[in-house]
Amino acid sequence: MHLLSTDNRSSMEFFRLVIRFLYRIRWYLAIPSMIAVIATWFLTRGEERCYEVATTIYVGVISNTPQTDKTAKEAECNISNLILLANTEKTMQHVSMRLLARCLMYGDEERDNNFIFAEHYRKLVAEMPKEVLSLIDRDDEQQTVANLTAYATPQKPHNYICRLLSDHPFFGTSNILKRLRAKKVDNSDMLHISYSCSDAGIAFNTLEILNEELICQYDELRLGETNFVIKFYEEEVNRLYALLRKAEGDPMVYDVTQGVLGNVDEMPHVSFTDDNRQLGDKELLLNSMSQRAAIDWIENRLGAHARTVRDHADFDACLQGIAHFASRICQLTLLQEGVEGATEENLQDAQTELQKAEQDTRNVCMNIAATTGRLTNEKRELFERWVGLVIEQEESLARMKTMDGMRKKLEEESYYRQETATEDLKAYHLRFMEQSYLDMIKALNDARIRQHELRLSTATLRIIDPPAFPIKSSRSQRPLLLLLVFIGTMAAVALLLFLVGLLDHTLRDRRRTERLTKLPVIGCYPKEDIMHHRKYARITGDMALRQLSKQLLSCLDTTQLNVVNLISTSEGNGKSFIANELCDLWSTFGLTVHRLCYNEDFYTDERRYIMARSIHDLCPHLQPGEVLIVEYPALNDYEVPRSLINAGTINLLVTRANRTWKDIDQKTLSQLQSIMQHPESLFIYLTEAGRDAVEEFVGQLPPYTPFRNFVYRMSQLGFTATENNVPS
């Protein structure tokens, strides 16, 4: 219980110290804080309003398949990719260019609209060169974007559009990225994107254009390759359709240059060979394109391993061998299908040699790759797949080259007579063209079906919450900023004053004095107030003097001589004033009081003072029951005899509260304590003290206004007390 009470007293004492500290520095807290708030208000008076626009995009797989860990990871990856895509420089360049074109097309210098404020539009047009304004087509936004894009070439020195798209507050890509915030909504497949700026129309159109660009960029990444393949098939279908319509509408004219058949019996064989050759050419072309795309992708993953193998001479020699055997097999196959002369044994021998060349190539590639570093399991699989694709591509190229050579040779050796053209040959050619056209249409349909399957199996972007035009600006952060500045300034000033007070050696009050001098403080005398409390100076002085008198009288003995020694470490601390006031006060009490002062009643350089054995050497007529007040010179400059110091009933060290307690003062005090027989008779009395320090000894000082009564009661932790504020 005793420990608990001690802890509670310590906590309450600490709280009181904090309250008194804050009350003492109240003006230092209030004035700088108000100045900082006024300065902040003045600096932010031109702050523009902020308009915020937000949109929500669904990023997920729309299908009936159940969600697994793999699909969940893919969804997370899709959202991350979309966030990165929204923050790329390329996307922002497209958004900035379209936004600039839209604002220039629909801006109005007289009034605000849904695209740009009139003030911002006037400023934009005023800074823009005339040659740029001439590029604006107010009827076609796409043409305007194309004109601005063609004009904004980095090769042109001091290009205005490039400079505007780099540092303009509304159209600069870096400034847009700073104010753009994209984040995932909790654990869902939703992506929340917000953007804010000081123009409502620009904020709305920026986010609207960004949504369109995100969908376009995402579709390009997801369906770019399939779109390329579909485009190729569509071009082939159109080409074959034109050839078919021409063959159906025009008469078949065969001459020497066109290779007209001279023998009707040879027509099926030549047509069959030509059909196979065209189908084979198309198949080899498609295979070569797919192999080339796969090889490029794997080479990017393998890096140095693939480049080292590509640059090696043994690898080139192996590829040449594969090309030779592949070309030989193609020749034998065509001869076997078309003209007699090719044997099954020759074809099998060529295939065996080709397989051996392929295996040798794989071994050479693995040996070369081993010299560049150890391959991981994943990269080993990719490397083996890459080698196989390179071999397949080399074989396809060799076959295509062989077939082209045989085609040229066949065309050179063909010679047909125009007179032998018949209707049967025309019909056969039409059937072949029709079949090729139908095959290409089927391939086109298959590619489109695969594209739709890809759409179902991959993430789809869907605008769930489109951006809405902001009617009102966002709530300004200016009041919060002013509050933070006020609180921050107060905290900084309080911390600074606390550190100053912690390091300061000014005596100031009882606690600081006792901490610095290690002596008890018996009382404080207030300094003269030249401002508000000047008329209460005499009252407060009498209260402080009576408190000192009460403390001293309680230590005096009426049966013997009582000596009160007034000492100080330096001059000008108020010893004479305190001695005179005590003599006058105690005389009114009927006490016999004598006063001795150096340089008046005795001198510091005379023998009777220096060699004094007792106080009677200075004042021989003293009687028991009388009080002697002796004022000694400054201890830093003069020595006080040991006998005179020890003769004192009370030794009162008088010093100003507003002075610094220096090292020499502490050294003098230590020497004084070393010659004293009764160190406990030594006390400190502070003069020129503040009202707060005096109130610790005498209680509340006048005036007793309601506000001061409340402040004093709070400083004494009397939160619910009812006090008699007028002293009796």
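Nothing here was measured: the structure is a model prediction, and the numbers come from that model. (Residues numbered from 1 in each chain as written. Predicted model: local features only at pLDDT ≥ 70, side-chain atom pairs only at ≥ 80, totals over all residues. Heavy atoms only, no water.)

1. Describing the sheet that holds strand β8 (residues 627-634)
Piece 1. Pairing in this open sheet of six strands is parallel, and the strands run β5-β10-β9-β6-β8-β7 from one edge to the other. Strands at the two margins of the open sheet, each flanked by one partner only, are β5 (521-526) and β7 (593-597). The mean angle between the axes of side-by-side strands here comes to 20 degrees, regardless of whether they run parallel or antiparallel.
Piece 2. Contacting β5, β6 (562-568), β7, β8, β9 (650-656) and β10 (682-689), helix α20 (residues 575-588) crosses the sheet at an angle of about 175 degrees to β8.
Piece 3. With respect to the sheet, helix α24 (residues 691-698) is in contact with β5 and β10, its orientation differing from that of β5 by roughly 130 degrees. (Pairing = 2+ DSSP bridges. Helix = DSSP H or I, 4+ residues; strand = E, 2+ residues; numbered from the N terminus. Axes fitted to C-alpha atoms, helices over the stretch in contact; angles between N-to-C directions. Contact = heavy atoms within 4.5 Å.)

2. Re the side chain of T540
Piece 1. Note that T540 resides in helix α19 (residues 537-553).
Piece 2. Ignoring sequence-local partners within four residues, the contact set of T540 consists of P526, R691, L701 and P702.

3. Side note on the packing of aromatic side chains
Piece 1. Within this structure, the stated rule accounts for six aromatic pairs.
Piece 2. Pairing Y51 with F117 gives two aromatic rings, centres 5.9 Å apart and planes at 85 degrees, and the pair type is edge-to-face. Taken together, the positions of Y51 in strand β1 (residues 51-60) and F117 in the loop between α4 (89-106) and α5 (118-127) put the pair 66 residues apart, joining distant regions of the chain. Considered together, Y51 and F117 belong to a single accessibility category, that of buried residues.
Piece 3. An angle of 55 degrees between the planes, with centres 6.4 Å apart, marks the rings of F602 and Y632 as tilted. You can see F602 sitting in the loop between β7 and α21 (607-610) and its partner Y632 sitting in strand β8, a full 30 residues away along the chain. (Phe/Tyr/Trp six-rings, centres within 6.5 Å; stacked < 30°, edge-to-face > 60°. Buried < 20%, exposed > 50% of the residue type's maximum accessible area, 1.4 Å probe, protein only.)

4. What to know about unusual backbone geometry
Piece 1. Positioned with a positive phi, K518 is a non-glycine residue whose angle comes to about 60 degrees.
Piece 2. Looking at the element boundaries, K518 is found in the loop between α18 (510-517) and β5.
Piece 3. Note on K518: relative accessible area 64%, which makes it exposed.
Piece 4. In this structure, E688 takes a positive phi of about 55 degrees despite not being glycine.
Piece 5. Within the secondary structure, E688 is located in strand β10.
Piece 6. The partly exposed category is assigned to E688, whose relative accessible area is 36%.

5. Some remarks on the environment of L244
Piece 1. Mapped onto the elements of the fold, L244 is located in helix α10 (residues 200-249).
Piece 2. Considering only alpha carbons, one finds L244 and R431, 187 residues apart in sequence, at a separation of 9.5 Å.
Piece 3. Ignoring anything within four residues of it in the chain, the contact list for L244 reads L430, M433, E434 and Y437.

6. A closer look at a nonpolar patch on the surface
Piece 1. The grouping of L495, F498, L499, L502 and L503 at the surface amounts to a nonpolar patch, some 520 Å² of accessible area in total.
Piece 2. Topologically, L502 is positioned in helix α17 (residues 478-503).
Piece 3. A relative accessible area of 48% means that L502 is categorised as partly exposed. (Patch = residues over 30% accessible without salt bridge, like charges linked within 9 Å, V, L, I, M, F, W, Y side chains within 5 Å. Areas by Shrake-Rupley, 256 points an atom, 1.4 Å probe, with all protein chains shown as cover. Salt bridge = Lys/Arg side-chain N within 4 Å of Asp/Glu carboxyl O.)

7. A closer look at the pairing of β10
Piece 1. Summarising burial for β10: seven of the eight residues are buried, a large majority.
Piece 2. Alignment of β9 against β10, held across six bridges, turns out to be parallel. If you follow T655 over to β10, its bridge partner there is L686.
Piece 3. Remark: the β9/helix α23 (residues 663-675)/β10 crossover connection has right-handed handedness. (Right-handed = clockwise from strand over helix to strand, strands pointing away.)

8. Examining helix α7 (residues 141-151)
Piece 1. Here α7 has its buried residues at E141, T144, V145, L148 and Y151. End-on, the buried residues of α7 take up no more than an arc of 130 degrees, which puts them together on one face. Of the exposed residues in α7, the ones pointing more than 90 degrees away from its buried face are Q142 and A150.
Piece 2. Of the surrounding secondary structure, the elements contacted by the buried residues of α7 are α4, α6 (130-133) and α8 (160-167).
Piece 3. Its side-chain oxygen placed 3.1 Å from the backbone nitrogen of Q142, D140 serves as the N-cap of α7. (Arc of directions from axis to C-beta. Polar contact = N/O pair within 3.5 Å; in protein donor to acceptor, adjacent residues only side chain to side chain.)

9. Some points on helix α2 (residues 26-43)
Piece 1. Here α2 contains 18 residues, and its C-alpha end-to-end distance of 26 Å stays within 8% of the 26 Å for a straight helix at 1.5 Å per residue.
Piece 2. All of the buried residues in α2 are L29, S33, A36, V37 and T40. All buried residues of α2 project into a common sector of 100 degrees when viewed along the axis, lining one side. Facing away from the buried side of α2, by more than 90 degrees, are the exposed residues W27, Y28, I35 and I38. (Expected span 1.5 Å × (residues − 1).)

10. What to know about the side chain of H168
Piece 1. Topologically, H168 is positioned in the loop between α8 and α9 (173-179).
Piece 2. Of note is the side chain of H168, whose polar atom sits 3.4 Å from the backbone nitrogen of F171.

11. Some words on the confidence of the model for the protein
Piece 1. Averaged over all residues, the pLDDT of the protein equals 78, while 78% of them reach at least 70.
Piece 2. Here residues 251-272 is modelled with pLDDT under 50, and outside its nearest four sequence neighbours on either side it reaches 42 contacts, counting other chains as well.
Piece 3. A low-confidence stretch, residues 415-421 (pLDDT under 50), is modelled with 22 contacts involving residues beyond four sequence positions or located in other chains. (pLDDT = per-residue confidence, 0-100.)

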